[in-house]
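Residue-level listing of the chains:
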Amino acid sequence: MTKGVIERCRLLAEFSEEPGFTTRTFLSQPMHHVHEHVRSWMEQAGMTVAIDHVGNIRGVYPADRSNAPRLFIGSHLDTVPRAGAFDGILGVVLGIALVESLERRRLPFAIEVIGFSEEEGVRYGVPFIGSRALIGDIDEELLPRIGPAITAFGLDASRIGEARARDNAFGYLEFHIEQGPVLESLGLPLGVVDAISGQSRLDVVFEGQANHAGTTPMNLRRDALAGAAEWISTVEREARATPGAVATVGRIAALPGAGNVIPGSVTTSLDVRHTEDAVRHALVARLLRCAGQISSARCLRVSSEQRLDQPAVAMDSGLVQTLERAVQSTGFPVHRMPSGAGHDAMIVARRMPAAMLFVRSPGGISHHPDETVLAEDVEAALEVGMRFIEALEQRHG
């Protein structure tokens with residue numbers, strides 16, 4: 001079973017918009033081939049399969065009774081450019097494998113395995129289109145942008161509202177590779193996610209005076225890049241001093257951009273994340289104050305523009321505890337951890353209780369062709385998933 005999960009993920013990685021790499025964006029042509037294989041595996045496991053009008057593929061494994069509640073298990077099937085084989089896809093394939101492991105045994109609740117059509121935000125710069133449709137959150141501004149792609153895929157954008165989950169959903173479980181080095185550093189195969197970090201993203205602009213690099217004395221310069229560089233060091237220092245926080249300046253654009261000209265304007269990005277919104281907001285405010293102090297001392301001007309303020313999302317405490325007990329019952333150490341990256345679970349959690357299980361990422365590598373998983377970790381995730389389902393079975397029986 002474990003070998004089959006990994007082989008299936010690698011098979012789906014072959015369906016790409018870019019030869020030699022795995023690049024598969026929202027409702028691109030290769031998604032048709034992915035759906036063909038996923039549909040086949042779902043039907044073989046005893047599921048009834050449909051594709052909703054935002055392109056999510058959905059397999060329903062019926063309960064032992066009518067009008068039963070429903071557990072969702074899912075993740076996304078799209079990728080970033082030149083991706084690995086497991087980000088998102090592993091969660092869908094593991095969900096199918098869990099249903100296969102039931103061997104047609106009926107439960108007091110239905111299981112719906114869902115492969116979201118879009119999570120990464122590559123094609124339109126807007127992430128989570130698939131999971132937003134599931135909770136009924138496709139706004140009027142977004143629909144005209146994605147409508148042509150939906151039509152080209154053979155779906156009907158006017159029926160996108162039908163993708164909304166019914167009210168009988170009682171929970172959502174997402175398996176996902178960690179995409180980071182924490183589990184590997186601890187020597188652990190699995191991690192129970194208790195919260196998904198909130199994110200602040202800003203552009204911070206330093207403005208000085210462009211001038212000749214050879215004729216302007218150091219004490220008379222208004223070097224925007226030197227000011228930005230001092231501030232970037234401050235960003236690192238302040239984030240290190242704030243437990244649980246991460247802060248990144250990942251983009252710098254200096255103008256006029258010539259080797260013999262003092263930079264007169266520098267635009268930087270700022271990305272701050274934390275599981276407590278108050279801590280995150282306080283850190284952002286502190287970093288902006290530091291930017292102002294540095295600019296004042298250097299006779300620069302500084303301005304900022306917020307691009308994103310995504311609140312932190314706590315996973316459901318009851319499902320987290322159930323997942324922890326499932327890990328414990330298999331003999332693996334229980335490790336709670338936050339997710340620094342956004343996932344479909346943070347969107348679905350607005351509609352139903354949600355939980356996430358991380359699988360170790362060897363080397364901490366993700367969003368890269370070298371992304372991989374260990375067979376024994378996949379086996380552990382399957383075992384924990386079955387214990388999780390059995391615990392829910394007892395609760396709903």
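For the structure, check the block above.
Residues numbered from 1 in each chain as written. Predicted model: local features only at pLDDT ≥ 70, side-chain atom pairs only at ≥ 80, totals over all residues. Heavy atoms only, no water.

**Q** Please clarify how the overall build of the protein should be interpreted in this entry.
**A** Secondary structure assignment for the protein yields 11 helices and 16 strands. Along the longest, intermediate and shortest principal axes, the C-alpha atoms of the protein span 80 × 45 × 40 Å. Evaluated residue by residue, the protein yields a buried proportion of 53% over its 397 residues. The contacts of the protein with a sequence gap of at least 6 include a subset with a gap of at least 24, amounting to 77%. Counting only carbon and sulfur atoms, one obtains 49% of the accessible surface of the protein, whose full area is about 16,800 Å². Charge-centre separation for the protein: the mean point of 38 positive side chains lies 3 Å from the mean point of 49 negative side chains. (Helix = DSSP H or I, 4+ residues; strand = E, 2+ residues; numbered from the N terminus. Buried < 20%, exposed > 50% of the residue type's maximum accessible area, 1.4 Å probe, protein only. Contact = heavy atoms within 4.5 Å. Areas by Shrake-Rupley, 256 points an atom, 1.4 Å probe, with all protein chains shown as cover. Lys, Arg positive; Asp, Glu negative; His and termini not counted. Charge placed at Lys NZ, Arg CZ, Asp CG, Glu CD.)

**Q** Whenever I open this one, the pairing of strand 3 (residues 70–76) confuses me. Can you help?
**A** It is a general feature of regular strands that their side chains alternate between the two faces of the sheet. The buried fraction of strand 3 is high, at seven of seven residues. With helix 3 (residues 89–101) bridging strand 3 and the parallel strand 4 (residues 110–116), this β-α-β connection has right-handed handedness. Strand direction decides the pairing type here: strand 3 and strand 5 (residues 169–177), joined by four bridges, are parallel. Of the residues in strand 5, the one forming a bridge with isoleucine 73 is leucine 173. (Right-handed = clockwise from strand over helix to strand, strands pointing away. Pairing = 2+ DSSP bridges.)

**Q** Any chance you could explain the nonpolar core here in plain terms?
**A** Inside soluble globular proteins, nonpolar side chains tend to come together where they are buried. Membership of the largest hydrophobic core comes to 99 residues, with the highest contact counts inside it found for Leu90, Ile111, Met315 and Leu357. Excluding anything up to four places from it in sequence, methionine 315 contacts Val193, Asp194, Ala195, Ile196, Val320, Ala345, Ala349, Ala354, Ala355 and Met356. The next biggest cluster of nonpolar side chains, apart from the first, holds 20 residues, and it includes Phe206, Trp231, Ala247 and Val249. (Core = buried A, V, L, I, M, F, W, Y, C linked by side-chain atoms within 4.5 Å.)

**Q** Whenever I open this one, the packing of aromatic side chains confuses me. Can you help?
**A** Ring pairs (aromatic) are described by centroid distance and by the angle formed between their planes. Under the criterion given, the structure shown has four aromatic pairs. Consider the rings of phenylalanine 109 and phenylalanine 170, whose centres lie 5.4 Å apart with planes at 75°: the pair is edge-to-face. Highlighted residues: phenylalanine 109 in the loop between helix 3 and strand 4 and phenylalanine 170 in strand 5, separated in sequence by 61 residues. Judged by its relative accessible area of 0%, phenylalanine 109 falls in the buried class. The buried category is assigned to phenylalanine 170, whose relative accessible area is 16%. (Phe/Tyr/Trp six-rings, centres within 6.5 Å; stacked < 30°, edge-to-face > 60°.)

**Q** What's the story with the pattern of salt bridges in this structure? I'm lost.
**A** Opposite charge on two side chains allows them to pair when their charged atoms are near. Applying the stated criterion across every chain, the model contains 27 salt bridges. Of the charged contacts in the structure, one is a salt bridge between aspartate 271 and arginine 201, with a shortest N-O distance of 3.6 Å. Here the residue aspartate 271 occupies a position in strand 12 (residues 265–274), and arginine 201 occupies one in strand 7 (residues 198–207), the gap between them amounting to 70 residues. Note on aspartate 271: relative accessible area 16%, which makes it buried. For arginine 201, a relative accessible area of 35% translates into the label partly exposed. Across the pair glutamate 324 and arginine 336 runs a salt bridge whose closest N-O atoms are separated by 2.5 Å. Linking glutamate 324 in helix 9 (residues 317–329) with arginine 336 in strand 15 (residues 336–339), this pair joins segments that are 12 residues apart in sequence. Relative accessible area serves as the criterion here: at 39%, arginine 336 is assigned to the partly exposed category. (Salt bridge = Lys/Arg side-chain N within 4 Å of Asp/Glu carboxyl O.)

**Q** Honestly, the environment of threonine 151 in this entry has me stumped. Any pointers?
**A** Here threonine 151 lies in helix 5 (residues 142–152). On the basis of relative accessibility, which here comes to 53%, the residue threonine 151 falls in the exposed class.

**Q** Please explain the packing of helix 1 (residues 2–12) against helix 3 as it appears in this structure.
**A** Axis angle and axis distance: for two packed helices, these are the angle between their axes and the distance between the axes, and together they describe the pair. Two elements in contact, helix 1 and helix 3, have axes whose closest approach is 10 Å; the angle formed by their N-to-C orientations is 140°. With respect to each other, helix 1 and helix 3 are oriented oblique. Like other packed secondary-structure pairs, helix 1 and helix 3 cross with a definite hand, here right-handed. Of the residues in helix 3, those in contact with Val5, Arg8, Cys9 and Leu12 of helix 1 are Ile89, Leu90, Val93, Leu94, Ile96, Ala97 and Glu100. (Axes fitted to C-alpha atoms, helices over the stretch in contact; angles between N-to-C directions. Parallel < 35°, antiparallel > 145°, perpendicular 65-115°, else oblique. Left-handed = near helix turned anticlockwise from the far one by under 90°.)

**Q** How do you make sense of unusual backbone geometry when you look at a structure like this?
**A** Residues other than glycine predominantly adopt negative phi, and peptide bonds predominantly adopt the trans conformation. Cis rather than trans, the peptide bond between leucine 255 and proline 256 has omega equal to 10°. Positive phi, close to 55°, is recorded for arginine 82, a residue that is not glycine. Inspection of the secondary structure puts arginine 82 in the loop between strand 3 and helix 3. Notably, glutamate 103 is not glycine yet its phi reads approximately 50°, a positive angle. Following the sequence through the fold, glutamate 103 ends up in the loop between helix 3 and strand 4.

**Q** What is the right way to read the side chain of glutamate 119 from this model?
**A** Mapped onto the elements, glutamate 119 comes out in the loop between strand 4 and helix 4 (129–134). There is no salt bridge for the buried glutamate 119, and the closest opposite charge comes from arginine 273, which lies 9.7 Å off by N-O distance. Once residues within four sequence positions are removed from consideration, glutamate 119 is found in contact with His76, Asp78, Pro127, Phe128, Gly342, His343 and Asp344.

**Q** Teacher, can you tell me more about the environment of valine 359 here?
**A** Inspection of the secondary structure assignment puts valine 359 in strand 16 (residues 354–359). Judged by relative accessible area, which is 0%, valine 359 ranks as buried. As for valine 359 and glycine 385, which are separated by 26 residues in sequence, their C-alpha atoms are 12 Å apart. When residues no more than four places from it in sequence are discounted, the contact partners of valine 359 are Leu90, His176, Ile177, Glu178, Leu183, Pro189, Leu190, Asp377 and Ala381.

**Q** Explain the packing of helix 2 (residues 30–44) against helix 3 to me, please; I cannot follow it from the model alone.
**A** Where helix 2 meets helix 3, the closest approach of the two axes is 9 Å, and the angle between their N-to-C directions is 20°. By the angle class used here, helix 2 and helix 3 are roughly parallel. Remark: the crossing between helix 2 and helix 3 carries left-handed chirality. In this structure, helix 2 contributes Val38, Trp41 and Met42 to the contact, and helix 3 contributes Val93, Ile96 and Glu100. Residues belonging to the contact of helix 2 with helix 3 are distributed by class as follows: five nonpolar, no polar and one charged. (Nonpolar A, V, L, I, M, F, W, Y, C, P; charged D, E, K, R; others polar.)

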